[in-house]
Amino acid sequence: MSNELFEKGFTNRKAVLGAAHVEKSWAAADDFNKPMQALVTEYCWGAIWGDETLPFKTRSLLNIGMLTAMSQHHELSVHVKGALTNGVTKEEIRAALMQAAIYAGVPLALAAFRIAGDAIKAWEAENL
């Protein structure tokens, strides 16, 4: 895989999620799922996250709300850690989850609070 959008995406993905996480995911990709990893890297992280209209901090908050609404716990955990890396505060994450409770539902937000709390603790253990 060698194109500008992919390279930009790989760089953005590492900046938000951490180089070790991204390189591990890429190295673990096999013939079956490597095309999906390439698609996500190129389009999600290259085209969308590479669009400078919204800063990474804003994109992180949007993802937290959307992933909460979709009950995507694994991705929520990854993106909470990425949000902290992008300068989102715990208070801002809390506010985003509180808003998600109103618009997406309290049970989803309660689950998201549990996931986010664990992700915050893990991130702090690695970064503080």
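Residues numbered from 1 in each chain as written. Predicted model: local features only at pLDDT ≥ 70, side-chain atom pairs only at ≥ 80, totals over all residues. Heavy atoms only, no water.

Within an unreviewed UniProt entry, the label attached to the protein reads Carboxymuconolactone decarboxylase family protein, and the organism entered is Pseudomonas taiwanensis.

## A word on the packing of helix α6 (residues 90-104) against helix α7 (residues 106-127)
For clarity, the cut-off: With axes taken as lines fitted to C-alpha atoms, and helix axes fitted only over the stretch in contact, angles between N-to-C directions fall between 0 and 180 degrees. Comment: elements are numbered from the N terminus, with helices defined as DSSP H or I runs of at least four residues and strands as E runs of at least two. An angle below 35 degrees is treated as roughly parallel, one above 145 as roughly antiparallel, one from 65 to 115 as roughly perpendicular, and anything else as oblique. Left-handed describes a crossing in which the near helix is turned anticlockwise from the far one by less than a right angle; the clockwise case is right-handed. Whether two residues are in contact is decided by their heavy atoms: any pair within 4.5 Å suffices. Only Asp, Glu, Lys and Arg are considered charged in this grouping, and only Ala, Val, Leu, Ile, Met, Phe, Trp, Tyr, Cys and Pro are considered nonpolar; every other residue, Gly among them, is considered polar.
Contact pair α6 / α7: the axes reach a minimum separation of 8 Å and the direction vectors enclose 165°. When the interaxial angle is binned, α6 and α7 end up roughly antiparallel. Pair α6 / α7 crosses with right-handed handedness. Here K90, I93, R94, L97, M98, A100, A101 and A104 of α6 come into contact with α7, specifically with V106, L108, A109, A112, F113, A116, I120 and E124. When the residues that make up the contact of α6 with α7 are grouped by side-chain class, the tally is 13 nonpolar, no polar and 3 charged.

## Some thoughts on the pattern of salt bridges
Here is the rule: In what follows, salt bridge is the name for a side-chain nitrogen of Lys or Arg lying within 4 Å of a carboxyl oxygen of Asp or Glu. The cut-offs for exposure are 20% and 50% of the maximum accessible area for each residue type, with area from a 1.4 Å probe on protein chains only; residues under the lower value are buried, those over the upper are exposed, and the others partly exposed.
Tallied over the full model, the rule gives 4 salt bridges. In this structure, E23 and K14 form a salt bridge, with 3.6 Å as the shortest nitrogen-oxygen distance. Since its relative accessible area comes to 41%, E23 is described here as partly exposed. A salt bridge links E124 to K90; the shortest N-O distance between them is 3.1 Å. Residue E124 is found in helix α7, and its partner K90 is found in helix α6; the two are separated by 34 residues along the sequence. Look at E124 and you get partly exposed, because its relative accessible area is 24%.

## Some remarks on the nonpolar core
To keep it simple, the criterion reads: Residue types Ala, Val, Leu, Ile, Met, Phe, Trp, Tyr and Cys, when buried and joined through side-chain atoms within 4.5 Å, form a set referred to as a nonpolar core.
In terms of nonpolar packing, the biggest core is built from 15 residues, with I64, L76, V80, L84, I93 and L97 touching the most fellow members. Elements supplying a minimum of two residues to this core: α4 (56-69), α5 (73-85), α6 and α7. With 5 residues, the single largest contributor to this core is α7. Once residues within four sequence positions are removed from consideration, L84 is found in contact with K90, I93, I120 and W123. Of all hydrophobic cores here, the second largest spans 10 residues; its members include F10, L17, A38 and W45.

## A short note on the environment of A69
Relative to the helices and strands, A69 is located in helix α4. Classification of A69 by relative accessible area gives partly exposed; the value is 41%. Spatially, the C-alpha atom of A69 lies 9.6 Å from that of L97, the residues being 28 residues apart in sequence. With residues near it in sequence (within four places) discarded, A69 still touches A104 and L108.

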